[in-house]
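# Examining the three-dimensional arrangement
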Amino acid sequence: MLSKNIRKTGTLYKKRDKMHAAFFNAQDETSDTAPIACTDIENSTADLDVAMEREEDMNDEEESDQETSSIHDTDKMDFSNMSLEDCIKFYALSTNQSHIAINLLSNILSANLGRSLPKSARTLLKTRRNNDDVHNIPGGQLWYYGVAQNIRNYYRSSVPNITTLSINISIDGLPLYKSSRTQFWPILMDIVELENAPVMTMGIFCGQSKPTNVQDYLRKLVDELKDILINGILINSAQIKINLRAIIADAPARAFIKGCAYFNATHGCMKCTCEGEFSPLSNTTTFKSINAPLRTDKEFRAGAYPDHVKVISPLLEIPDIDIIRDVIISESLHLFYLGILKRLLFGWRDGKLGKCYKWSGMQCDSVSEHLVGIELPSEIHRRFRRLDELKNWKGTELASFLHYAGLVVLKVLPSEAYEHFLLLFCAVTMLSSNEFKKNWHVAGKMLETFVIQYGQIYGEQYLTSNVHNLLHVLDEVRHFGPLPSLSAFRYENKLQFIKKSLRGTNRPLAQAANRNIELQIFFTIANNTVPSQVALRNSI
């Protein structure tokens, strides 16, 4: 991406226009030889145009990734075993076609094949005529579909072959439009024992900001969990026990649903009683202690943390939940990739972690050239971009950098900083697989050393909550399993799918609810799965 100064001054545009003028003047003066004389000018002008359009190209790249994923998954479908109506439904849902396009396709096929197909897309997709399950709550509207309904839909035509299902719940905010403050706060879940099952939407809040009252927002979810966690769910005459494994969210969402102080508050740590200090040097709250007493569920409920707990959360009513342990902080997308690693990269590139480790322009160019030249494994679809586009790097790019590229390209760092990065690389690698389970305690020591040296190398003013949270990762991995099982990547993909399912700005919550129910109603024959699991565009 071009620097702000260049974009503000319009230097490139002025230079482009000057070259255009020179080009046309040259053509007028020497019409016979103009194409030869002005070749360099044309090439330079084209390069400038490409540079100025690079930002738009990167936006197109994301769409291209989605199209590739969709086509690849669609190739696996056996359309010969599906009726014509089901094929049209699948096409409509997987490509998010408008009702006008579906009506036109149905009319064309009916006229040319002599088949009687529904003339209305609403009839074909079984779109609901009303939205009785959308309710007004303070700050907006809430549509709640439920845990049990999602699981029953998944097993609509089969009997579960297991007796216990464990669910993860994810909550996050999702802005919908660039020109409006309207946003969704979906409540998502996935089932741990069913690796191939899609992420399911339990409910969505829609408003101009986050929900104003956590009690109203989570009430229906908590009331349902209070029932099904005790009594289970009856599915096709089979009684299934339901367990709540973990609640996965980023730092602001965690604080909101727990009713706690936010991550930048003095008492913002959710795992220990470490008190933060405001640093005027970095204008952030820093957490310097590494041995503070851990918080406990018992003391949380007893009101022992008045400076930490701001609002009584309805989550406390959920049976057998440990409010400290089960709301996790070891979510790799936001903690490691968008948090620690991105901050380090900005620090090295721009000197935001101390000038002594700031890369020169030549070093930035060298690292960028290495990155764009790297051939990644075929399963990684997003290629590296240059460091001047770091602001727009996606989580997958940062993950690839930490696990693949950083080990090589960061050798431009001083040895002290490079070896410090290796501590993070080794720790995350070991905590990401059960293969290294015997050495997880070593990874924990590495993270502790990383935190201590972070303050020594870059300054204690940069010991923010993300850095401090690394001290608590080992305990959560020991209890829940490797880091990928706690990642929010799947939920972020689902959020983007929900956003792209909207066909306009009118009544977005009703639209999202209708699309979800259409998908739930339409099951493919293969593997008894929902289309979004098999071939819908559900990944970035």
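These numbers were taken from a predicted model, which means no experiment stands behind them. (Residues numbered from 1 in each chain as written. Predicted model: local features only at pLDDT ≥ 70, side-chain atom pairs only at ≥ 80, totals over all residues. Heavy atoms only, no water.)

## Some words on unusual backbone geometry
- The residue Ser237 is not glycine, and still its phi comes out positive at about 70 degrees.
- Mapped onto the secondary structure, Ser237 falls in the loop between β7 (233–235) and β8 (238–248).
- Taking the relative accessible area as the measure of exposure, Ser237 reaches 73% and is therefore exposed.
- Unlike most non-glycine residues, Arg507 shows phi in positive territory, near 50 degrees.
- Tracing the backbone shows Arg507 in the loop between α20 (489–500) and α21 (508–521). (Helix = DSSP H or I, 4+ residues; strand = E, 2+ residues; numbered from the N terminus. Buried < 20%, exposed > 50% of the residue type's maximum accessible area, 1.4 Å probe, protein only.)

## Let's talk about the pattern of salt bridges
- Within this structure, the stated rule accounts for 13 salt bridges.
- In this structure, Asp350 engages Arg349 in a salt bridge whose closest nitrogen and oxygen atoms are separated by 2.8 Å.
- Given a relative accessible area of 24%, Asp350 falls into the partly exposed group.
- Judged by its relative accessible area of 18%, Arg349 falls in the buried class. (Salt bridge = Lys/Arg side-chain N within 4 Å of Asp/Glu carboxyl O.)

## Here's the deal with the packing of aromatic side chains
- Scanning all chains against the criterion turns up 14 aromatic pairs.
- Centre to centre, the rings of Trp348 and Trp359 are 5.8 Å apart; their planes meet at 35 degrees, and the pair counts as tilted. With a gap of eleven residues between them, Trp348 in helix α13 (residues 332–350) and Trp359 in the loop between α13 and α14 (361–372) connect regions that are remote in the sequence. Pair check on accessibility: Trp348 and Trp359 agree, each one buried.
- For the pair Phe384 and Trp393, a centre-to-centre distance of 6.2 Å together with 40 degrees between the ring planes defines the contact as tilted. The exposure classification of Phe384 matches that of Trp393, with both residues buried.
- In textbook terms, an aromatic cluster arises when at least three aromatic residues are bridged by ring pairs, as seen for Trp185, Phe205, Tyr217 and Phe256.
- Lying across the ring of Tyr305, Arg295 places its NZ or CZ 4.8 Å from the centre. (Phe/Tyr/Trp six-rings, centres within 6.5 Å; stacked < 30°, edge-to-face > 60°. Lys NZ or Arg CZ within 6 Å of the ring centre and 35° of its normal.)

## Looking at the packing of helix α17 (residues 440–458) against helix α19 (residues 473–480)
- Between α17 and α19, whose axes approach to 9 Å, the crossing angle comes to 155 degrees. Comparing the axis directions of α17 and α19 gives the class roughly antiparallel. Of the two elements, α17 crosses α19, and the hand of that crossing is right-handed. Contacts between α17 and α19 involve Trp440, His441, Gly444 and Leu447 from the first element and Val473, Leu474, Val477 and Arg478 from the second.
- When its residues are assigned to classes, the contact of α17 with α19 shows five nonpolar, two polar and one charged. (Axes fitted to C-alpha atoms, helices over the stretch in contact; angles between N-to-C directions. Parallel < 35°, antiparallel > 145°, perpendicular 65-115°, else oblique. Left-handed = near helix turned anticlockwise from the far one by under 90°. Contact = heavy atoms within 4.5 Å. Nonpolar A, V, L, I, M, F, W, Y, C, P; charged D, E, K, R; others polar.)

## Focus on empty space enclosed by the protein
- A complete count under the given rule lists five cavities of 30 Å³ or more for this structure.
- There is about 100 Å³ of room inside the largest cavity.
- For the lining of the largest cavity, the elements supplying multiple residues, two or more each, are α11 (251–258) and α18 (465–469).
- Across the lining of the largest cavity, the residue classes break down as eight nonpolar, four polar and one charged. (1 Å grid on protein atoms, 1.4 Å probe; cavity = no way out; pocket = protein on both sides within 12 Å on 5 of 7 lines; lining within 4 Å. Points joined across faces, edges and corners; volume = space filled by probe spheres on them.)

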